Amino acid sequence: MQMSYDLIVIGSGPGGYVCAIRAAQLGMKVAVVEKDDTFGGTCLNIGCIPSKALLHASELYDEAGHMLDKMGINVGAPKLDLRAMMKFKDAGVDGNVKGVAFLFKKNKIDTMHGIGRIVAPGKVEIKTANGKTETIEGKAIVIATGSDVARLPGIDIDEQRIVSSTGALVLAKVPERLLVIGAGVIGLELGSVWRRLGSEVIVVEWLDRILPGIDNEVCRQVQRIFERQGMKFKLSSKVAGIETGGKKVKVTVEPAAGGTPESIESDVVLVAIGRVPFTEGLGLETAGVKMDNKRRIIVDARFATNVPGIYAIGDVIAGPMLAHKAMDEGTAVAELLAGQAGHVNYDVIPNVVYTYPEIASVGKSEEELKEAGIAYKVGKFPFTANGRAKANLQTDGFVKILADAKTDRVLGVHIVGADAGNMIAEAAVAMEFGAASEDIARTCHPHPTFTEAVKEAALAVDKRAIHM
Ligand SMILES: Cc1cc2nc3c(=O)[nH]c(=O)nc-3n(C[C@H](O)[C@H](O)[C@H](O)COP(=O)(O)OP(=O)(O)OC[C@H]3O[C@@H](n4cnc5c(N)ncnc54)[C@H](O)[C@@H]3O)c2cc1C
């Protein structure tokens, strides 16, 4: 195997594998170093893909129990075969990780399994599982080592009864009660999976709201919907301790501001308080690569660290921890290294929560616009007034468009509804092209589709929605 490369990528998650493929397309000789047995990183192995497979399967299970009879389909009460559902999820993961391996081969990218450590600028030592080491050289190194589960001090994640997202994707049986710590995306998605499969789900959140960072109005509405579905919330609360001695896990929950604690028994506790950059074993200190106070690698606008020839992308640098953000950074850094003008527009990175209904947003929230002192107009359209949503009995949610009061330029779009995650792409394209709400309003949308609600919300910016 060749030992000298144009580019060495450490980590094969969505940031790393996309970077490697783009660089190979641009004519570079590329090596990828991955510590795990399979490629694809958090996203493909223990993140986006398995969680979405379980969300899809559990949603169909839920619908079979509550919706099909309303459409004249009588199949009786659905029976859960959790092992088969997990197999279905694993097959999805397998197909995806093999797909990345195929793409590496197709693009003539050399792959090495082992822990990569930067021993000097341009030099990466790879330590394989059997303890052997080898060193390869590269003109450039891109660090794409991603992130790991954030832990709560004093609480040991055993992945059996106290689980992270990784353990919550492989539970062997449906817990009677699941207590979720953290009302962020991962807590709500995996909480939804297990609630649909039969668990009583209680979500404990330190803040006084769910989904921090997402538009307040959206959060208020979806919280009501989740409560109607049976999820319970304890907001402004913190977990003060967990006892695992008995048959049930005993969780002490108290008001965040202090006060009388209560004890809640649970079968499984999911710790979903966020993720932290993963830089262990990389040798960053020795290489002199600077990190910020959250241990994120500091990079400039070209993804370059302070050490010449070393770059970083994805979850290991600042910004939203999202697969598509990592992928776009992977593309951009490869293009920059090839002398092209790679770039990521951080103002237009969509964010999706794959619950039912889905929650999708791009651009600014109302709170952010208020804080920045930007005058804006709001156009809103509910799915209760959308023909397709009414026909499908999927009327939860709305589309909200925030447009600049003076120029009408779209500043933010927020969608709660079935398939919001697919619909938000239209808003992202519009914003990328600097569209005004008038542009969306004058674009012919197919009927009958949920996307007509986006057009109607755009019309509503100027108070001229038709179906409301
Ligand atoms: C449960 C869950 C659900 C999620 N759902 C979504 C979603 O729906 N949409 C979305 O956009 N994002 C989602 N995410 C986030 C998404 O997975 C991450 O943002 C994304 O994977 C980050 O990509 P990355 O390439 O930066 O790092 P990662 O995907 O974390 O990949 C890093 C890779 O580097 C390897 N590595 C680390 N150190 C070394 C080393 N020293 N040597 C060799 N290899 C190393 C790791 O083994 C890993 O394979 C989810 C995350 C979780 C946990």
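Anyway, here's the lowdown on the structure attached to this text. (Residues numbered from 1 in each chain as written. Predicted model: local features only at pLDDT ≥ 70, side-chain atom pairs only at ≥ 80, totals over all residues. Heavy atoms only, no water.)

### Some words on the nonpolar core
Phase 1: Membership of the largest hydrophobic core comes to 58 residues, with the highest contact counts inside it found for Leu-7, Val-30, Phe-104, Ile-118, Ile-136, Ile-143 and Ile-297.
Phase 2: Beyond its immediate sequence surroundings of up to four residues, Ile-118 is in contact with Ile-10, Lys-123, Val-124, Ile-141, Ile-143, Leu-282, Gly-283, Leu-284, Ala-287 and Ile-310. (Core = buried A, V, L, I, M, F, W, Y, C linked by side-chain atoms within 4.5 Å. Buried < 20%, exposed > 50% of the residue type's maximum accessible area, 1.4 Å probe, protein only. Contact = heavy atoms within 4.5 Å.)

### Focus on the layout of surface pockets
Phase 1: The computed volume of the second largest pocket comes to approximately 440 Å³.
Phase 2: Asp-62, Met-67, Gln-229, Tyr-356 and Asp-396 are the residues nearest the centre of the second largest pocket, which is lined by 15 residues in total.
Phase 3: Going through the elements one at a time, helix H3 (48-66), helix H6 (185-196) and helix H7 (216-229) are the ones with two or more residues in the lining of the second largest pocket.
Phase 4: The greatest single-element share of the lining of the second largest pocket, amounting to four residues, is contributed by H3.
Phase 5: Looking at side-chain class alone, the lining of the second largest pocket contains three nonpolar, four polar and eight charged residues. (1 Å grid on protein atoms, 1.4 Å probe; cavity = no way out; pocket = protein on both sides within 12 Å on 5 of 7 lines; lining within 4 Å. Points joined across faces, edges and corners; volume = space filled by probe spheres on them. Helix = DSSP H or I, 4+ residues; strand = E, 2+ residues; numbered from the N terminus. Nonpolar A, V, L, I, M, F, W, Y, C, P; charged D, E, K, R; others polar.)

### Let's talk about a nonpolar patch on the surface
Phase 1: A cluster of nonpolar side chains, namely Met-71, Ile-73 and Val-75, defines an oily patch on the protein surface of about 270 Å² accessible area.
Phase 2: Secondary-structure assignment places Ile-73 in the loop between H3 and helix H4 (82-106). (Patch = residues over 30% accessible without salt bridge, like charges linked within 9 Å, V, L, I, M, F, W, Y side chains within 5 Å. Areas by Shrake-Rupley, 256 points an atom, 1.4 Å probe, with all protein chains shown as cover. Salt bridge = Lys/Arg side-chain N within 4 Å of Asp/Glu carboxyl O.)

### Here's the deal with the pairing of strand E21 (residues 398-404)
Phase 1: E21 sits mainly inside the fold: seven of its seven residues count as buried.
Phase 2: Residue alternation in E21 divides its side chains into two sets, Phe-398, Lys-400, Leu-402 and Asp-404 and Val-399, Ile-401 and Ala-403, and both sets are buried.
Phase 3: For strand E20 (residues 376-382) and E21, the ladder comprises seven bridges, and the chain directions are antiparallel. For Val-378, the partnering residue across the bridge sits in E21 and is Leu-402.
Phase 4: From the end of E21 to the start of strand E22 (residues 410-417), which pair antiparallel, there are five residues, and Asp-408 there has a positive phi angle of about 70°. (Pairing = 2+ DSSP bridges.)

### Thoughts on unusual backbone geometry
Phase 1: With an omega of -5°, the peptide bond between Tyr-356 and Pro-357 qualifies as cis.
Phase 2: As for its position among the elements, Pro-357 is in the loop between strand E18 (351-353) and strand E19 (358-363).
Phase 3: In this structure, Pro-448 follows His-447 across a cis peptide bond, with omega equal to -5°.
Phase 4: Tracing the sequence through the fold places Pro-448 in the loop between helix H13 (437-441) and helix H14 (452-461).
Phase 5: A positive phi angle, close to 45°, is found at Leu-211, a residue other than glycine.
Phase 6: Although it is not a glycine, Phe-303 sits at a positive phi angle of roughly 65°.
Phase 7: With respect to the helices and strands, Phe-303 occurs in the loop between helix H8 (284-287) and strand E17 (310-312).
Phase 8: On the accessibility criterion, Phe-303 (4% relative accessible area) is buried.

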